[in-house]
Amino acid sequence: MASSYINGGFSILFVALVVLVNTCRVAKAAGNFYHDFDLTWGENRAKIFREGQLLSLSLDKTSGSGFQSKKEYLFGRIDMQLKLVAGNSAGTVTAYYLSSQGPTHDEIDYEFLGNVTGQPYILHTNVFTQGKGNREQQFYLWFDPTKNFHTYSIIWNPQHIVFLVDNTPIRVFKNAESVGVPFPKKQPMRIYSSLWNADDWATRGGLVKTDWSRAPFTAYYRNFNAQTCSGSCSNSKFSNGAWQSQELDAYSQRRLKWVQKNFMIYNYCTDYKRFSQGFPLECRR
């Protein structure tokens, strides 16, 4: 009798676990670059090594290089650790972003604009919805991004897009469909990254050119991680990776304000000269 009860209990527990997993399917996968990405251009300037745990992109006077994810993602949290081009990186841009395809594509951008030796990188962010961008915010970082690896993350759910650096939120783009602003929620996106020459605009508006005597320029990537969910997943703390959460917790809100007060150097929502006829609708909320 006891044995039957125990076996029955285990059966019920097993069924319950299966139902739970199917209801909230969270994929949290420590990535392997061989399995998760394709090297798409630049020939041998893009390399995967250390058994798929490290990837590098290089730029020389002939070409840059790039890669893209094998999978597409629709909502989730994407983490990648980058160590940027060291030394005099003026004219170079390291782009790391999510994007769909086509003229009405959606896109979520990090772009790291190099600078002359000793000057800080500019972290440029943008959000495209239905093919429309022009939503730039720019930041200095509170550390040297060329000395060590740092984690750059995108949290994307139906309520908002959050940009994070070492788990500190630096920007939030909220769903403003209620006032007529399209929000990325139907088009799956791939992850892309590239290292390329943009000395016609990237450093001081193109005034500082790339010093090719310092080539090749190289950026490194490691510890890719993707969390995705199908179903009604929930968690309580944003800082613990609950990308499904609708709001930032109090600590994350304080960190966001700290970054925007001390390190933001451009915000399209405060550019009166550019939007003299009125700010975009999402800026008025």
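Model, not experiment: these values are computed from the prediction. (Residues numbered from 1 in each chain as written. Predicted model: local features only at pLDDT ≥ 70, side-chain atom pairs only at ≥ 80, totals over all residues. Heavy atoms only, no water.)

1. Here we look at the state of the cysteines
Line of reasoning, step 1. As enumerated under the stated definition, the model contains one disulfide in all.
Line of reasoning, step 2. Paired through a disulfide, Cys269 and Cys283 show a sulfur-sulfur distance of 1.9 Å. Handedness here is read from the sign of the S-S torsion; for Cys269 and Cys283, about -70°, the answer is left-handed. One end of the pair, Cys269, is in the segment after strand 16 (264-267); the other, Cys283, is in the segment after strand 16, and 14 residues separate them in sequence. In terms of burial, Cys269 and Cys283 fall into one category: buried. (Disulfide = S-S within 2.5 Å. Helix = DSSP H or I, 4+ residues; strand = E, 2+ residues; numbered from the N terminus. Buried < 20%, exposed > 50% of the residue type's maximum accessible area, 1.4 Å probe, protein only.)

2. Remarks on the nonpolar core
Line of reasoning, step 1. With 56 residues, the main nonpolar core has Met80, Tyr152, Trp156, Ile161, Tyr221 and Phe224 as its most contacted residues.
Line of reasoning, step 2. If we ignore the near neighbours within four places in the chain, the residues touching Met80 are Phe33, Phe37, Phe67, Tyr96, His150, Thr151, Tyr152, Tyr221, Arg222, Asn223 and Phe224.
Line of reasoning, step 3. The next biggest cluster of nonpolar side chains, apart from the first, holds five residues, and it includes Leu113, Ile122, Ala198 and Ala202. (Core = buried A, V, L, I, M, F, W, Y, C linked by side-chain atoms within 4.5 Å. Contact = heavy atoms within 4.5 Å.)

3. Thoughts on the pairing of strand 6 (residues 76-83)
Line of reasoning, step 1. Among the eight residues of strand 6, seven are classified as buried, and the element is accordingly described as predominantly covered.
Line of reasoning, step 2. Here strand 6 runs beside strand 11 (residues 150-156); their pairing, made up of seven bridges, is antiparallel. Within the sheet, the bridge partner assigned to Ile78 lies in strand 11 and is Ile154. (Pairing = 2+ DSSP bridges.)

4. Details of the sheet that holds strand 9 (residues 122-128)
Line of reasoning, step 1. Ordered by their spatial adjacency, eight strands build an open sheet running 2-5-14-7-8-9-10-16, and the pairing between neighbours is antiparallel. If you trace the sheet from one side to the other, it starts and ends with strand 2 (37-41) and strand 16, each paired once. Ignoring which end each strand starts from, the neighbouring axes of this sheet average 15° apart.
Line of reasoning, step 2. Here seven bridges tie strand 7 (residues 92-99) to strand 8 (residues 107-113), and the two strands are oriented antiparallel to one another. In the strand pairing of strand 8, Ser99 is matched with Glu107. (Axes fitted to C-alpha atoms, helices over the stretch in contact; angles between N-to-C directions.)

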